[in-house]
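Each chain, written out:
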Amino acid sequence: MKIVVVEDEHLASSYLKSILEQQSIIPIREITVLKSVRDAVAFFAANTVDLAFMDIHLGDGKSLDIFEQTLVSCPVIFITAYDSYAVKVFKHFTIDYLLKPYEEEELLEALHKYKNIKETFNSNSIVESLVEIENQSHIQHHFLVNHRDKLISVNDTSITYFFATGKHLFIYTNSGSSYLYNNNLKDLIDKLDPTLFFKINRKYSVNRNYIQEIVKHSSQKIEILLKVAVPDTEPIILSKKEINNFKNWLDS
């Protein structure tokens, strides 16, 4: 069988190639190493292989660019340095993934998996996987704030809610601290983890883990009660246009 490795780091591709050449799980007749999106596009336009290993980030772009420019019909094992969220995506859509730095045993396990399921492989899932990762790669998980004479990086899991007032945006944390953040809620909302935060109205984006109670005053008026104190004396009322989206978000 023929294998292609798309990896722009020489040490990484050499390490992978040496393991593939020594293993006995699958018979390999030829291994081709490519170092760029451009080379990969040209190669797949003229060649077919049985299995591909691809790093997500390459010197001249991302693996997604390859699939947009040419047909890749073989199974793919991705090599990635993405976080746990993206790893879940790989598990769902692809043959397998290798999270850098990986051990030889992990590569051999991926080959066993490929051997077992290659017959039912669906090449369309490759594109779905990369599109999903591309969409999630812009999520911001840490927020740099000023605190007296220090700079503090606040993790999103410790943030109870974002609160906008006037031209200012504040971050409130589960430790009871609050920080002025140099952004506005409108621009920030698309960068927040959509599984964790929901924009309730023009003032609040809240962490689902700190919602204490949801009070339904009517079909068009829903109040959100949080487990922590809030700076505004007015109740937190869910925007009418977001009611259905909020219910779906809670149910997801």
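Now for a look at the structure at hand. Please read all numbers here as calculations on a predicted model, not as lab measurements.

## What to know about the sheet that holds strand β2 (residues 30-34)
Ordered in space as β2-β1-β3-β6-β7, the 5 strands form an open sheet in which the pairing is parallel. Every other strand in the sheet has two partners, leaving β2 and β7 (96-99) as the edge strands with one partner each. Going from strand to strand, the sheet's axes swing by 15° on average, the running direction of each strand aside. Relative to β2, strand β1 (residues 2-6) runs parallel, the two sharing 5 bridges. Across the sheet, residue V6 finds its bridge partner in β2, namely L34. Against the sheet, helix α1 (residues 10-22) touches β1, β2, β3 (51-55) and β6 (76-80), its axis set at about 175° to β2.

## Examining the packing of aromatic side chains
Applying the stated criterion across every chain yields a total of 11 aromatic pairs. The side chain of R208 reaches across the aromatic face of W249, ending 4.4 Å from its centre.

## Describing the pairing of strand β16 (residues 221-226)
Pairing geometry for strand β15 (residues 211-218) and β16, over 6 bridges, is antiparallel. Each bridged residue has a counterpart across the sheet, and for I214 the counterpart in β16 is I224.

Quick notes on the rules
Every residue gets a number counted from 1 within its own chain, in the order that chain's sequence is written. Local features in this predicted model are restricted to residues whose pLDDT is 70 or higher, and side-chain atom pairs enter the listing and the counts only when it is 80 or higher, whereas totals over whole chains, interfaces and linings include all residues. Computation of side-chain values: all heavy atoms of the structure, hydrogens and water removed. Here, any two strands with at least 2 DSSP bridges between them count as paired. Here a helix means four or more residues in a row that DSSP labels H or I, a strand means two or more in a row labelled E, and each is numbered from the N terminus. For helices, the axis comes from a line fit to the C-alpha atoms of the stretch in contact; other axes are also lines fit to C-alpha atoms, and the angle between any two N-to-C directions lies between 0 and 180 degrees. Pairs of residues are marked as contacts when any of their non-hydrogen atoms sit within 4.5 Å. Only Phe, Tyr and Trp rings are paired, with Trp represented by its six-membered ring, and only when their centres lie within 6.5 Å; those with planes under 30 degrees apart are stacked, over 60 edge-to-face, the remainder tilted. Any Lys NZ or Arg CZ that is within 6 Å of a ring centre and within 35 degrees of that ring's normal is treated as a charge sitting over the ring.

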